[in-house]
Amino acid sequence: MQNLLRIAPGALTIGKPLPWTVYDADGNVLLRQGYVIQNDIQLEQLFERGLFQPRVIERPDEDIQEDIRLRNPFADYPVLLQTLESSLNAITNQDDSARQRVLGLSRMIDQMCQESPEASLALVHLYSIEPTIHEQILFYAVLCQFTARRFGLDDKRIAVLISAALMANLALVPVADKLNASNRVLTDEQRAVIRKHPERSVQALKEADITSPLLLKIIAQHHEQADGSGYPHGLSGTDIRGEAEILALAERYVAMITKRAYRERMNITEARKLIASLADGKLRPAIPRALLAILTDHPPGTLVRLANNEVAVIVRRPHRHRGPFAKAIIGPRGNRYSGTFERDCSQPDFNIINVEQPEVMPSMDFGLLWGFH
């Protein structure tokens, strides 16, 4: 197998699913994407022996009318993160390619969400235990795409919103992971960095010659609140763009379901209740309703316990009074299944009785669960 690269220290974390399949020097699979590293010994062995193959997403030639390959979000995930990081670096360095990089990434995310919606939503929930800032930003973009389409925005406004979601936290990127890993009270200096990041991000984009008025307005307003309590300008009501509120909601939801050093994460049931409460004066009511409709009670990627005591992963949302649909991965006695078994959770034996919230995700073959080969 060609172009295998050694895994850099810090690229993998105990308790998080592998972002890519890991090979040995001969190209044999050591661990598949979705496997969860359990301890320091495994981690050290991967750094010693493990290699991965960077995946390049090849876009079809302009004269090809139809690309029949479905986007595989799990295969795309590592390259999306790499592309995001390089795009943000290009903006910071005022590279002439910055605008095109971001537009290309936005189109890729939109295509992925439209072609593989269940797996795209699953990404957000499977990798949400302790995501890096680049993972969080990718989740914001995915959730904005779904919410905006449900809310009824047209394609052009959705494209601008996805781009805004990718760039709105540019000024926070250098410090975000450190802030999330700290369990200390924020200093005045750190609070100032947070409050000024919309304006600083806008300024960096202007300096990189990214000047779309709508895009800059979304970024400038994404921490304003309808009741006037937001920042940086204390805007209220309809002075705030709907796109900015969609981005704000995406950020809030990701914050709810992710673990930080200073607090535990919410399960999906708790998060849904809090989102519903935001319809009461904090945001345009139709925006939280749109996100709740997209997520459903148990979004793809959620771990659940069924009435027969199996643990399963939600793979598809309800359809025509059936579902949601899950793949059972752990048996009633705690034994790990060698394969997976589809369950229609509208059937009494497979009703969902609880949302599982593990500190360490169980290992699973994402491609197998969602039918990618």
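As a reminder, the structure under discussion sits directly above these lines.
No experiment lies behind these values; they were computed from the predicted model shown.

Check the secondary structure of the protein chain and you find 13 helices and 9 strands. At 21 Å, the protein chain has a C-alpha radius of gyration in line with the 21 Å of a compact globule built from 373 residues. Each principal axis of the C-alpha atoms in the protein chain carries an extent, and together these give about 55 × 55 × 50 Å. Counting every position in the protein chain, which comprises 373 residues, the buried fraction comes to 50%. Carbon and sulfur atoms make up 48% of the accessible area of the protein chain, which amounts to about 18,200 Å² in all. The averaged location of the 45 negative side-chain charges in the protein chain is 4 Å from the averaged location of its 43 positive side-chain charges.

With that settled, the discussion passes to the sheet that holds strand 6 (residues 311-316). Read from one edge of the open sheet, 5 strands run 8-7-6-5-9, paired in antiparallel fashion. Of all strands in the sheet, those with a lone pairing partner are strand 8 (336-344) and strand 9 (352-355), marking the two edges. Pairs of neighbouring strands in the sheet enclose a mean axial angle of 40°, with direction left out of account. Pairing of strand 6 with strand 7 (residues 325-330), which is carried by 5 bridges, proceeds in the antiparallel orientation. What sits directly across from Arg316, in strand 7, is Phe325.

Another point: the environment of Leu216. Structurally, Leu216 is set in helix 9 (residues 213-221). A sequence separation of 52 residues divides Leu216 from Ala164, and the C-alpha atoms of the two residues are 7.6 Å apart. Beyond its immediate chain neighbours, meaning those up to four positions away, Leu216 contacts Val202, Leu205, Lys206, Ile210 and Thr211.

Mapped onto the secondary structure, Leu12 falls in the loop between strand 1 (5-6) and strand 2 (22-23). Residues Leu12 and Leu46 lie 34 residues apart in sequence; the distance between their C-alpha atoms is 9.0 Å. Beyond its immediate sequence surroundings of up to four residues, Leu12 is in contact with Ile7, Leu18, Pro19, Trp20, Ile37, Leu43, Leu46 and Phe47.

So, how was this worked out
Residues numbered from 1 in each chain as written. Predicted model: local features only at pLDDT ≥ 70, side-chain atom pairs only at ≥ 80, totals over all residues. Heavy atoms only, no water. Helix = DSSP H or I, 4+ residues; strand = E, 2+ residues; numbered from the N terminus. Rg over C-alpha atoms; globule rule 2.2 N^0.38 Å. Buried < 20%, exposed > 50% of the residue type's maximum accessible area, 1.4 Å probe, protein only. Areas by Shrake-Rupley, 256 points an atom, 1.4 Å probe, with all protein chains shown as cover. Lys, Arg positive; Asp, Glu negative; His and termini not counted. Charge placed at Lys NZ, Arg CZ, Asp CG, Glu CD. Pairing = 2+ DSSP bridges. Axes fitted to C-alpha atoms, helices over the stretch in contact; angles between N-to-C directions. Contact = heavy atoms within 4.5 Å.

Fair warning: the whole summary comes from geometry, so function is off the table for now.
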